[in-house]
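Residue-level structure breakdown
As a plain string of letters, each chain reads:
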Amino acid sequence: MSKANLLDRREVVAALLANRKDVVAIGGLGASTNDITAAGDHARNFYLWGGMGGAAMIGLGLALAQPKLPVLVITGDGEMLMGMGSLATIGLQKPKNLSIVVLDNERYGETGGQTSHTAAAADLVGVAKACGIEDSRAISTMAEAKAFAASVHDLSAGPRFANVKIDSAELARILPTRDGTHILNRLRGDLGFPPI
Amino acid sequence: MSARPQTASDWPEEIFSALERYDIRQVPYVPDAGHSKLIERVLASSAMRGIPLTTEEEGVALLAGAWAGGQRGVLLMQSSGVGNCINMLSLVPILRFPFLTLVTMRGEWGEFNPWQVPMGSTTQGVFELSGVQVLRASDAAEVPAVLEAAAAQAYNALTPTAVLLSQRLIGAKVFIK
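Rules and cut-offs
- Residues numbered from 1 in each chain as written.
- Chains lettered and ligands numbered in written order.
- Predicted model: local features only at pLDDT ≥ 70, side-chain atom pairs only at ≥ 80, totals over all residues.
- Helix = DSSP H or I, 4+ residues; strand = E, 2+ residues; numbered from the N terminus.
- Pairing = 2+ DSSP bridges.
- Axes fitted to C-alpha atoms, helices over the stretch in contact; angles between N-to-C directions.
- Contact = placed C-beta atoms within 7 Å.
- Nonpolar A, V, L, I, M, F, W, Y, C, P; charged D, E, K, R; others polar.
- Buried ≥ 20, exposed ≤ 12 C-beta atoms within 10 Å, placed from the backbone.
- Arc of directions from axis to C-beta.

Cis geometry is found at the peptide bond from Gly 158 of chain A to Pro 159 of chain A, where omega equals 0 degrees. Relative to the assigned elements, Pro 159 of chain A resides in the loop between helix 7 (142–151) and strand 8 (160–165). You will see that Lys 94 of chain A, though not glycine, has its phi angle at about 50 degrees, which is positive. Of note, Lys 94 of chain A is situated in the loop between helix 5 (85–93) and strand 4 (98–104). The backbone of Trp 109 of chain B shows a phi angle near 40 degrees, a positive value even though the residue is not glycine. Note on placement: Trp 109 of chain B falls in the loop between strand 5 (100–104) and helix 5 (117–129).

Written as structure tokens, this is what we have:
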């Protein structure tokens, strides 16, 4: 299934989070959330085990509430396709501190590897750009991934969007906690918010 | 803070006042005629951010993110949008964030358009099956008390709550003169 010229998803996510500083990272339902876990558990990781299509909107709500924090959504092509309208919503709000990365393996890896729309027709970079996210890029090298990782910390130039074509090889599952209240309250605590 | 509403029938202003008192900061919405005055007030407010959505479930996820970042929000929609939210409503009990939505009702009380009736008829049931408590306001005089109760239980007790603003309150949409 894998092609030689495609990037390794774990290597891409490790590069995105290598020098994360105060970044809040939101992982969309599917393998993306495992990739974030593989890069290291962190109080500022927000793992989704459901709510397919919601990752970018969780990122928007957080980015608007915390305009001085870099917010990075890392999700897959299937999850992004389900919430594609949220790119229009984000393009309208234009939060400068929000970055979205789609790990695009052109398939639904969690459900048997069925091909997704990005395999043959849908161009998510074009969609994001057309929705008003001017900084929308296709990434095909690790150098580009590292440059994007650095740009996430620039809170003057977002929102930004990147689509990374990745190898579709199935990797060992590295699972984060599934306890939603723990994930949310740990993040809130790290941002300085007490329990209600 | 804005001036108190001039008349008891100025219910959108009553809602806006309640949202101000509860320090609501993010107001995602899919427009509805019944919400138009409230949306205008929100968009003109410096404390609240009105956020137009392409579909209602975006608003559920947005409110989760807002709360993660320390802000309260409220989702405005009409009854036909409630069905769009069903799977995303699973975030509410799983993450346990304050959830309040204000829903203008269609498909009841003198409805003209039959296409509004199926979703309008199941709106309350959909919420209840999804773990969201339902309160209803049917006339202008009860709007302030219903809003206060809904906001209090949603934000203080983390009780997911929907307020149905009855078509009797907002007035049935007239297509035929």
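So, next bit.
To continue, consider the sheet that holds strand 4 of chain A. Residue and element names in this part refer to chain A. Taken in spatial order, the six strands make up an open sheet running 2-1-3-4-8-7, and their pairing is parallel. In the strand order of this sheet, the two ends are held by strand 2 (45–47) and strand 7 (135–139), each with one partner. Taken pair by pair, the neighbouring strands of this sheet meet at an average axis angle of 15 degrees, ignoring direction. One ladder, built from five bridges, connects strand 7 with strand 8; its direction is parallel. By the bridge assignment, Arg 137 is partnered in strand 8 with Ala 162. Taken strand by strand, helix 3 (residues 55–65) contacts strand 1 (24–27), strand 2, strand 3 (71–76) and strand 4, and its axis lies near 175 degrees from that of strand 3. Set on the sheet, helix 7 makes contact with strand 7 and strand 8; between it and strand 7 the angle comes to about 150 degrees.

Further remarks concern the interface of chain A and chain B. Facing 27 residues of chain A, the contacting portion of chain B comprises 26 residues. Of all the secondary structure elements, the ones that give two or more residues to the side of chain A that touches chain B are helix 3, helix 5 and helix 8 (180–190) of chain A. If one sorts the elements of the side of chain A that touches chain B by residue count, helix 3 of chain A sits on top with eight residues. Partitioned by chemical class, the residues of the side of chain A that touches chain B number 14 nonpolar, twelve polar and one charged.

Residue and element names in this part refer to chain B. Within helix 2 (residues 36–44), burial applies to Leu 38, Arg 41 and Val 42. One side of helix 2 carries all its buried residues, which in axial view fall inside an arc of 100 degrees. Where helix 2 is buried, its residues contact helix 1 (11–21), strand 1 (24–29), strand 2 (49–52) and strand 4 (75–78).

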